[in-house]
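# Architecture and fold: a report
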Amino acid sequence: MTIVRHDLRQGRTAFALWTAAIAFLLAICLLMFPQMKGQMEAVSKVFSLMGSFTAAFGMDRLNIGTLIGFYAVECGNVLGLGGAFFASLTGVSALAKEERDHTAELLLTHPLSRARIVSEKLAAVLIQVTAMDVIILGAALVSVKLIGETIPWKEMLLIHTANYLLQVELSCVCFGISAFLHRGGAGLGIGLAAAMYFLNLIANIADRTGTFKALKYITPFAYCEGADIVADGKLDPTLLIPGALLAAVSVAAAYWRYTTKDIR
Amino acid sequence: MDAIRTSGLTKYYGRTRGVEHIDLAVGQGDFFGFIGPNGAGKSTFIRTLLGLIRPSSGQGEIFGLDVTKDREKVLKRVGYLPSETAFWPGMRVKDILKLSADLRRKDCGAVAGQLCERLRLDAGRKADELSLGGRKKAAIVCALQHEPDLLILDEPTSGLDPLIQREFFALLRERSDRGATIFLSSHILSEVQQNCAHAAIIRDGSVIASGSMQDLARTGARRVSVLGRVELDALSGVRDLQTTSAGLDFLYSGDMRELLTALAGGDVRDVTISEPALEDVFLHYYGKGDGKP
C-alpha cells in the first residue's frame, strides 16, 4: 500500500480543490432553489418551448419546479461534468505522470512488479474518486436539509450512484490511456470527458430524431441522465453494461501495456 | 558467479541503435568503470540491466538472475543512481528516503542518517528547493541506504563539488571493501582511472575494449613528449598533437622504429615515451575509424 499512500499524498491538493469546488457549486445551486422555486413554473414553460435544446438536457421529461427535477438537471450537470473532469484527469495522469516528471526511473528501480505498481495506482485513483463522491453526497444532503426540503433519498442516491459509476468508468478508461503515454495527458483526459458529455447531448436530441441513438451506449453520461433515473426509479443496465465492459478492457490494457513497455 | 553478465545484449528503439551485441562480465566485488561519451549507449545498457527497457535480443544477468524475468529479485540487490535525478514535487528529502526504504520493506533510517551526515545533506529540506548537487546527494543516499550488493552509478559526480566527490568515492571504496560490486558509468576518465580496477569502453553502442586498467593501457599507443623540434609528417599513427614553443606532445600508435628514426633526425634535447593515461587510451580507441582497437 506504499504507492497508494504516496499517490494519495501527491494528489491531495488537486483532490481537495476539485471536491471543494464541486461540493460548493452543488450547495450553492441547492441553496438557491427556495428563491427560484416560485419562478420555476415560468422557467419550465420557457424551457419546454426550446425544442431539441430542452431534450438535450432532459428538461422535457422533468419538472424543474420540484427539488428532484431541479437537482437532476442543474446539480446533475455540475456533478456530472465536475466529477467527470476530475476522474479523467486523475486517471490519465496516474501512470503517465511518472514518466512526464522523470520519477519513473526512481520508482521502477525498486523491487516492485510493474503489475503491483499498476494495481496500487489504480487503487489510488478509485479511492480518490470514491472519497470525492462520498463528500459531495454528504454536502448535497446537508444542503437539502438546510433549505428545509425533504430529502428524496431514492432519487438522489440513484443520481449519485450513476455519477459515481460514470467517474469510475472514465477514470478506468483514462487510466488505460495513461499506460500508453510517456507524457502527461491532461488535455486528453479533459477532452475525453467533454466529448462524452456532448455525445450525450447529441444522443438526447437523437432520441427525438431517431438518428445516432447508439451514442447512448458509448457515453457514460447516458446512464446518468437525471430525467430517465427519476422517471424509471432505477439505472438502465443496458447502458451500464457497455460502460463496465469498456472500463474492464481499459484496465486490462493498462496492465498489459505497462508491464511490457519501455520506460523513458 | 558474476555480478553482471550480458551476452549479445542488443537494444534498438525502432530503427535507432541503442546498444548492439554487448558481451560483458563484471565480477563480484569489482569496481568497474564503463566509459564512453554521451550518446554511446551507456545509459541504454544500464536501463536494460535494470529492467526499465526490454532488450531487443540477447540477455543480461545480475547475480545469475535474468534481468527481465527476475526483475524484482534483481532490484532487491541493486542500488541505482541515475544520471539525472528527479523527485516527486513537494516532498522533503527524509520523506523520499523513507518512501524508498518502505518500497524495499527495509528500515534504512540509521544508514540514511549517517550518509546524510557524511554528504552534508539536510534531510529536512524539500527536494524542489535543493541545488543540482543537493538532489544528487539525495539520490546517492537513496541508492546506498539499503546497502545493496551491486551499485549501478550513471554519471554519479555531475553537480557534486570536489569535497563531496571525494567523500562519495570514499563511501564507494568502503562499500567495495565490504564486498559490494560497483559499476561506474562515466565520461570523466580521471574518476574511472583513480577508482576502478576494471573497465570497458563503449563506442556507438558496442563495447570496443574491456579488461583491467593495466590491460586497457596496453594499447600499443604511447604518449611521447619531445623537448626540441622533430619532423612528424612522414609518421603515421600520430594523434592529439600539441605543439608548444619548447617542443611537442603527442600520442603515437605507429611503428616504434620509424618514431626513433624521426627523433634521431630531429633537434631533440630530451624525450619521454610513457604508458598512456586513460584519456589517451580513450583517444586511442575513439580515434580508430573501424571501432576496433
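Now for a look at the structure at hand. Keep in mind the model is a prediction, meaning the values are calculated, not measured.

## Digging into the interface of chain B and chain A
- With 25 residues of chain B in contact, the opposing surface of chain A contributes 26 residues.
- Carbon and sulfur atoms supply 56% of the area buried between chain B and chain A, which totals about 2,400 Å² over both sides.
- The three residues of chain B that bury the most area against chain A are Leu52(B), Trp88(B) and Leu103(B), which together make up 30% of that side's buried surface.
- The interface formed by chain B and chain A contains two salt bridges.
- Between Glu105(A) and Arg47(B) there is a salt bridge, with the nearest N and O atoms lying 2.8 Å from each other.
- One can count 16 residue pairs in polar contact (both at pLDDT 80 or more) joining chain B with chain A.

## Quick word on helix α8 (residues 114-146) of chain A
- Taking 1.5 Å per residue as the helical rise, α8(A) with its 33 residues ought to reach 48 Å, and the 48 Å between its terminal C-alpha atoms agrees with that figure.
- One or two residues past the end of α8(A) sits Gly148(A), with phi positive at roughly 75°.

## Considering the side chain of Arg223(B)
All names here are of chain B.
- One can find Arg223 in strand β11 (residues 222-229).
- Polar side-chain contacts of Arg223 include one of 2.7 Å to the side chain of Asp249.
- Contact partners of Arg223, with chain neighbours within four places excluded, come to Asp240, Asp249, Phe250, Leu251, Thr272, Ile273, Ser274 and Asp280.

## Regarding the nonpolar core
- In this structure, Leu24(B), Phe45(B), Ile62(B), Ile152(B) and Phe183(B) are the most contacted members of the largest nonpolar core, which totals 99 residues.
- The element best represented in this core is helix α5 (residues 132-144) of chain B, accounting for seven residues.
- The contact partners of Ile62(B), leaving out residues within four places of it in the chain, are Ala3(B), Ile4(B), Leu49(B), Val67(B), Val74(B), Val78(B), Leu150(B) and Ile152(B).
- Counting residues in each nonpolar core, the second largest holds 47 residues, with Ala72(A), Leu79(A), Ala140(A) and Met156(A) among its members.

## Remarks on the pattern of salt bridges
Residues and elements named next belong to chain A.
- Here the structure, examined in full by the defined rule, presents 18 salt bridges over all chains.
- The residue Lys261 makes a salt bridge to Glu99 at a minimum N-O spacing of 2.7 Å. Taken as a pair, Lys261 in the segment after α12 (237-260) and Glu99 in helix α6 (residues 96-100) lie far apart in primary sequence, 162 residues in all. Exposure class is identical for Lys261 and Glu99. Each is buried.

## Structural notes on the sheet that holds strand β7 (residues 150-154) of chain B
Residue and element names in this part refer to chain B.
- The strand order across the open sheet built from six strands is β6-β7-β8-β3-β9-β10, with neighbouring strands paired in mixed fashion. Each having just a single partner strand, β6 (78-81) and β10 (206-212) make up the two edges of the open sheet. For this sheet, the mean inter-axis angle between neighbouring strands, taken without regard to orientation, is 15°.
- Judged from the four bridges that link them, strand β3 (residues 31-35) and strand β9 (residues 198-203) form a sheet pairing that is parallel. Within β9, the residue paired with Gly33 across the bridge is Ala199.
- Its contacts with the sheet place helix α1 (residues 42-49) against β3, β6, β7, β8 (181-186) and β9, and it is angled at close to 145° to β8.
- Packed onto the sheet, helix α6 (residues 162-177) meets β3, β6, β7 and β8 and runs at close to 145° relative to β8.

## A word on helix α2 (residues 12-37) of chain A
Residues and elements named next belong to chain A.
- Spanning 26 residues, α2 covers 37 Å between terminal C-alpha atoms, matching the ideal 38 Å at 1.5 Å per step.
- Helix geometry: α2 is bent most strongly at Leu31, by close to 25°, with proline Pro34 lying one to four residues after it.
- The set of residues buried in α2 consists of Phe15, Thr19, Ile22, Ala23, Leu26, Ala27, Cys29, Leu30 and Phe33.
- Where the residues of α2 are buried, they touch α5 (67-94), α8 and α9 (153-178).

## A look at the pairing of strand β13 (residues 247-252) of chain B
All names here are of chain B.
- Burial runs high along β13: five of the six residues are buried.
- Pairing geometry for strand β12 (residues 238-243) and β13, over four bridges, is antiparallel. The partner of Gln242 across the bridge, within β13, is Asp249.
- The turn joining β12 and β13, which pair antiparallel and follow one another in sequence, is formed by three residues.

What counts, and at which threshold
Residues numbered from 1 in each chain as written. Chains lettered and ligands numbered in written order. Predicted model: local features only at pLDDT ≥ 70, side-chain atom pairs only at ≥ 80, totals over all residues. Heavy atoms only, no water. Contact = heavy atoms within 4.5 Å. Buried area = accessible area lost by both parts, 1.4 Å probe. Salt bridge = Lys/Arg side-chain N within 4 Å of Asp/Glu carboxyl O. Polar contact = N/O pair within 3.5 Å; in protein donor to acceptor, adjacent residues only side chain to side chain. Helix = DSSP H or I, 4+ residues; strand = E, 2+ residues; numbered from the N terminus. Expected span 1.5 Å × (residues − 1). Core = buried A, V, L, I, M, F, W, Y, C linked by side-chain atoms within 4.5 Å. Buried < 20%, exposed > 50% of the residue type's maximum accessible area, 1.4 Å probe, protein only. Pairing = 2+ DSSP bridges. Axes fitted to C-alpha atoms, helices over the stretch in contact; angles between N-to-C directions. Bend = angle between axes of the 7 residues up to and from the residue.

By themselves, these are just geometric observations and shouldn't be taken as functional.
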